[in-house]
Amino acid sequence: MPSQDPPLWTSCGFDHLMRDPRGWLVPTDAYWRLWLQRPELALVEESCAAEQALHASLTEAPSRPVAQHELDAFEDADARANHRLFLGFRDAVIHAGSLEAAYAGFFKAGAVQIPPLFLDLVVQALVCNLLEGVDDAWQWRAAEMLFRRQRVRVQDGRVLSGDSEVLDMLNETGGLGAVGRLLMQSGAAIPEVQIEVLGDDNAARYLKSRAGVGRFNFVLDLTHEVQRELSHGLTLTMNRSQSGLKALALVLQKWVRHFHGVAVQVRPEARVSDEAWRWHLGLDAESTALLNDLYLGRDVAPERQQRLISLFRLGFDEPLDMRADLRGKPVYLGLAMTAEGLLKLKPQNLLLNLPLAVADTAA
């Protein structure tokens with residue numbers, strides 16, 4: 001089984017997965033047992049006899065077929081629905097043969113029937129696979145963007161990205177959960193919980209924090225360029241060596257190579273001045289719509305353009321890996337936040353919309 005020191009996010013089940021000859025992840029029975037322990041499926045005091053019986057049976061044999069009448073016997077409709085979703089997901093993964101093949105297949109099928117939570121947990125495990133052996137904290141933190149929604153804020157010229165669930169929880173409860181919410185409602189003072197911006201001084205601590213469920217409370221600085229004012233009115237623009245965008249670009253390179261088997265280079269771009277712009281794809285819903293409008297020459301309001309966090313330039317190492325009519329042309333990627341400052345990256349877009357020379361290999 002995969003192993004790593006320091007430990008990885010255990011909640012996604014990576015340590016209960018095997019690798020096939022291609023390097024893709026194959027579930028074990030222990031992986032499915034971990035799912036049965038999740039809050040959506042775990043037994044509670046109110047669980048009926050039918051639910052208890054099925055849960056015990058699946059714990060003993062997690063891959064066994066489940067007849068419809070076993071679910072119909074559940075007294076609680078929500079428990080029945082949760083188990084039906086899980087079993088559909090389990091059977092799809094087993095049929096596909098690996099998490100990667102199943103994940104790609106979910107999106108090729110059209111309307112995705114798998115709950116977003118399930119997809120995010122799959123991507124989290126895939127990230128662990130991609131980055132095993134990598135000790136670069138910035139790549140690991142950037143990789144969180146593939147499965148955790150971000151809240152982006154521009155502050156003093158810096159573009160800062162934090163986990164939206166963590167930031168919203170801290171805003172509501174001071175980081176103390178339900179107790180903190182009650183204290184805040186009563187007007188009581190509660191201790192301040194610090195959110196750290198990832199840097200040299202805390203990178204080692206971030207890597208250690210990945211153990212267990214993961215804290216997700218490190219902010220990533222997505223600022224790619226910094227400007228220094230020089231004498232005589234001159235301004236020097238420099239690329240930051242530890243830009244979160246640069247780290248994200250490296251993760252996206254690994255993602256493409258893992259699924260498609262082709263080597264690409266992804267680099268952040270401050271702007272696109274390409275009259276021969278031929279192909280683009282958004283890494284999220286907001287940037288997809290924005291790039292489409294810009295490509296078609298539609299007017300885009302300035303405030304909407306300002307939501308564009310970054311552009312990336314993707315190039316194929318081997319030109320023959322690219323579709324013949326686009327060979328030698330760059331692919332532009334976009335990353336943008338909503339009007340509310342939220343960003344939900346869609347890594348599946350790199351599986352569906354790259355101009356590959358052959359049929360999609362992610363199958």
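See the structure above.
These numbers come from a predicted model, not from an experiment.

1. Things to note about the sheet that holds strand β6 (residues 218-221)
Here we have five strands laid out as an open sheet, ordered β5-β6-β4-β3-β13, and mixed in their pairing. This sheet does not close on itself; its edge strands, each paired only once, are β5 (196-197) and β13 (342-343).

2. Thoughts on the sheet that holds strand β11 (residues 308-316)
Taking strand neighbours across the sheet as the criterion, the four strands line up as β9-β11-β12-β10 in an open arrangement whose pairing is mixed. In the strand order of this sheet, the two ends are held by β9 (264-269) and β10 (279-282), each with one partner. With strand direction ignored, the average angle separating the axes of adjacent strands in the sheet is 25°. Relative to strand β12 (residues 331-336), β10 is paired through four bridges, and the arrangement is parallel. Each bridged residue has a counterpart across the sheet, and for L281 the counterpart in β12 is L333. With respect to the sheet, helix α12 (residues 285-295) is in contact with β10, β11 and β12, its orientation differing from that of β10 by roughly 150°.

3. Considerations on the packing of helix α1 (residues 29-36) against helix α4 (residues 77-96)
Running from N to C, α1 and α4 cross one another at 165°; their axes reach a closest spacing of 12 Å. In terms of orientation, α1 lies roughly antiparallel with respect to α4. Crossing handedness for the pair α1 and α4: right-handed. Contact residues: Y31, W32, W35 and L36 in α1; F86, F89, R90, V93 and I94 in α4. Grouping the amino acids of the contact of α1 with α4 by side-chain chemistry returns eight nonpolar, no polar and one charged.

4. Quick notes on the nonpolar core
Counting 89 residues, the largest nonpolar core has F89, W140, W255, L333 and L335 as the members making the most contacts within it. The contact partners of W255, leaving out residues within four places of it in the chain, are Y103, V123, L126, L130, L146, P347, L350 and L351.

5. What to know about the pairing of β12
Most of β12 sits out of view: six of its six residues are buried. Residues V331, L333 and L335 line one face of β12 and the alternating positions Y332, G334 and A336 line the opposite face, and both faces are buried. In terms of strand pairing, β11 meets β12 through six bridges, oriented antiparallel. Across the sheet, the residue bridging to R313 is Y332, located in β12.

6. A look at the pattern of salt bridges
What the rule picks out here adds up to 15 salt bridges. Residues joined in a network through salt bridges with shared partners are R148, D163 and E165.

7. Quick notes on helix α6 (residues 116-131)
Helical geometry note: an α-helix holds 3.6 residues per turn, so side chains three or four residues apart project in the same direction. Between its terminal C-alpha atoms α6 stretches 22 Å, which fits the 22 Å expected from 16 residues at 1.5 Å a residue. Of all 16 residues in α6, 13 are buried, a share of seventy percent or more. Backbone geometry just after α6 places G133 at a positive phi near 90°.

8. Observations concerning the side chain of T223
Structurally, T223 is set in the loop between β6 and β7 (225-229). Given a relative accessible area of 6%, T223 falls into the buried group. Within the structure, T223 has its side chain in polar contact with the backbone nitrogen of V159 (distance 2.8 Å).

Criteria and cut-off values
- Residues numbered from 1 in each chain as written.
- Predicted model: local features only at pLDDT ≥ 70, side-chain atom pairs only at ≥ 80, totals over all residues.
- Heavy atoms only, no water.
- Pairing = 2+ DSSP bridges.
- Helix = DSSP H or I, 4+ residues; strand = E, 2+ residues; numbered from the N terminus.
- Axes fitted to C-alpha atoms, helices over the stretch in contact; angles between N-to-C directions.
- Contact = heavy atoms within 4.5 Å.
- Parallel < 35°, antiparallel > 145°, perpendicular 65-115°, else oblique.
- Left-handed = near helix turned anticlockwise from the far one by under 90°.
- Nonpolar A, V, L, I, M, F, W, Y, C, P; charged D, E, K, R; others polar.
- Core = buried A, V, L, I, M, F, W, Y, C linked by side-chain atoms within 4.5 Å.
- Buried < 20%, exposed > 50% of the residue type's maximum accessible area, 1.4 Å probe, protein only.
- Salt bridge = Lys/Arg side-chain N within 4 Å of Asp/Glu carboxyl O.
- Expected span 1.5 Å × (residues − 1).
- Polar contact = N/O pair within 3.5 Å; in protein donor to acceptor, adjacent residues only side chain to side chain.

Bear in mind that shape data such as this cannot, by itself, settle questions of function.
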